[in-house]
Amino acid sequence: MKLDRKEILSALETISIAGEGKNMVESGAVQNVITFGDEVVVDLLLTTPAMHIKKRAEVDIIKVIHEKIYDKAKVKVNIKVEAPEKPEIKGKSIPGISNIIAVSSGKGGVGKSTITANLAVTLANMGFKVGVLDADIYGPSMPIMFDVEKSKPISVEVDGKSKMKPITSYGVELLSIGFFTSPDQAVIWRGPMASKALNQMIFDADWGELDFMLVDLPPGTGDIHLSIMQSLPITGAVVVSTPQAVALADAKKGVAMFQNESINVPVLGIIENMAYFTPEELPNNKYYIFGKEGAKNLAEDLNVPFLGEVPIVQSIREAGDYGRPAALQTATAVQAAFEELARSVVSETVKRNDNLPPTEAIKITTMAGCSAVKK
């Protein structure tokens, strides 16, 4: 039996490649169809090397030709893979610091600094070398959370230059503007002065070798955020939110800021803080005070990873106030929650580093902020 090429193409229009909306002919995946009597050769071009997608495409083609054209046709499928080029994030690194993770939130009061502190000590306990840069200039809270309010960084000489030595607490290297102001002193600075202070803590400090530097950003999407991303090559960003709609609306803006094409910082995922309340006397009960799985659903909607959830537990607040992060409480649900969170952050960082080139600090060239400029 002689097979008709047009009939075969028409049959192939009824199937699509997994993950694509268009049929494989319309999408251009079918490059060519050649017939020789009862034999047919289909040349297929895929954009993913995934074995299960290639196998499914081959099976679907053979099946549709046998069902719609000729059940004894001899079908051969030649598959070629051409993966699209990875987004260009130009490379530039800071010696000694492997990964810089920005911890952000669209609004205040969602527990971003608490998440940062507990994530830092958890990573340190897992064996990583960790530093925290408290970039919340107007509300520095890391000195309190790490019980080092009265500490002052000392000056050390590195390669003939004088540098600040970060304060070490619970195995975490820490620098904050809170070390240089009195507890009752308000920081009343304009953007440029705040940015200059941050640059000093970044580049005039002896951070040493770090696997992770966590940058605790202030709430919102403002001048400090741009200054940090202009100064530092951010590996990826983590956005913290609570489950209720008001917080989620701002978290969505936070994700959008990092994904702006002029900024282009990979979003590692969203963390849901205060996910539910569990009374100490009823450890198996969960009360969803602020709503259920709001941040998880937002992550799905925005197509970014959901890194995990942290419950409302009184000990987390108490531990933060007393300067001993709650994640240090061994064999507790809190410790388990932060360990799961830390594993997710590490996993997403590894994936990001495998799939994207190293990040470069963004270049802001106009008074319009991140607006693109054509030259």
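Structural data are supplied above this passage.
Residues numbered from 1 in each chain as written. Predicted model: local features only at pLDDT ≥ 70, side-chain atom pairs only at ≥ 80, totals over all residues. Heavy atoms only, no water.

Q: What is the right way to look at the overall build of the protein in this model?
A: Along its length, the protein carries ten helices and 13 strands. The proportion of buried residues among the 375 residues of the protein is 47%. Partitioning the intrachain contacts of the protein with sequence separation of at least 6 by distance along the chain shows that 74% fall at a separation of at least 24. A total accessible area of about 19300 Å² is found for the protein, and carbon and sulfur atoms account for 50% of it. (Helix = DSSP H or I, 4+ residues; strand = E, 2+ residues; numbered from the N terminus. Buried < 20%, exposed > 50% of the residue type's maximum accessible area, 1.4 Å probe, protein only. Contact = heavy atoms within 4.5 Å. Areas by Shrake-Rupley, 256 points an atom, 1.4 Å probe, with all protein chains shown as cover.)

Q: So what exactly am I meant to see when it comes to the nonpolar core here?
A: One broad rule of soluble globular proteins: the nonpolar side chains tend to lie buried together. Ranked by size, the top nonpolar core spans 77 residues in total, and within it Phe146 and Phe258 carry the most contacts. Counting residues per element, this core draws most heavily on helix 3 (residues 112–125), at seven residues. Contact partners of phenylalanine 146, with chain neighbours within four places excluded, come to Ala117, Ala120, Val121, Ser169, Tyr170, Val172, Leu174 and Gly323. In terms of nonpolar packing, the next biggest core, distinct from the first, is built from 23 residues, Val40, Val42, Ile61 and Ala73 among them. (Core = buried A, V, L, I, M, F, W, Y, C linked by side-chain atoms within 4.5 Å.)

Q: Help me understand the sheet that holds strand 8 (residues 167–169), please; the structure alone is not making it clear to me.
A: Strand pairing in a sheet takes place through backbone hydrogen bonds and is either antiparallel or parallel in direction. Sheet architecture is open: eight strands sit in the order 8-9-5-10-4-11-12-13, paired in mixed fashion. Every interior strand has two partners, whereas the edge strands, strand 8 and strand 13 (306–312), have only one. Between one strand axis and the next, the sheet turns by 25° as a mean value, whatever way the strands run. Two elements, strand 8 and strand 9 (residues 172–176), share three bridges in a ladder whose sense is antiparallel. In the sheet register, threonine 168 faces strand 9, and the bridge partner there is glutamate 173. Lying on the sheet, helix 10 (residues 333–355) is in contact with strand 4 (97–104), strand 10 (210–216), strand 12 (267–277) and strand 13; it crosses strand 13 at an angle near 160°. (Pairing = 2+ DSSP bridges. Axes fitted to C-alpha atoms, helices over the stretch in contact; angles between N-to-C directions.)

Q: Is there a simple way to think about the sheet that holds strand 1 (residues 30–36) in this case?
A: Overall, mixed pairing links the three strands, which are arranged 1-2-3 in an open sheet. Looking at which strands have only one partner, the edges of the open sheet turn out to be strand 1 and strand 3 (74–81). Between one strand axis and the next, the sheet turns through 15° on average, direction left out of account. Alignment of strand 1 against strand 2 (residues 39–46), held across six bridges, turns out to be antiparallel. What sits directly across from valine 30, in strand 2, is leucine 44. In the packing of helix 1 (residues 5–12) onto the sheet, contacts are made with strand 1 and strand 2, and the angle to strand 1 comes to roughly 140°. Here helix 2 (residues 51–68) sits on the sheet and contacts strand 2 and strand 3; the angle it forms with strand 3, its principal contact strand, is near 150°.

Q: It is not clear to me how unusual backbone geometry should be interpreted in this structure. Could you clarify?
A: Only a minority of non-glycine residues have a phi that is not negative, and only a minority of peptide bonds are not trans. Despite not being glycine, glutamate 293 has its phi angle at roughly 55°, a positive value. Among the secondary structure elements, glutamate 293 is positioned in the loop between strand 12 and helix 8 (294–302). A residue is classified by how much of its surface remains accessible, and glutamate 293, at 30% relative accessible area, is partly exposed. A positive phi angle, near 55°, is found at alanine 331, a position not held by glycine. Here alanine 331 shows up in the loop between helix 9 (314–322) and helix 10. Judged by relative accessible area, which is 76%, alanine 331 ranks as exposed.

Q: How do you make sense of the environment of glutamate 13 when you look at a structure like this?
A: Relative to the elements of secondary structure, glutamate 13 occurs in the loop between helix 1 and strand 1. When the C-alpha atoms of glutamate 13 and methionine 24 are compared, they prove to be 6.3 Å apart, with eleven residues separating the residues in sequence. Those residues in contact with glutamate 13 that lie beyond four places of it in its chain are Asn23 and Val25.

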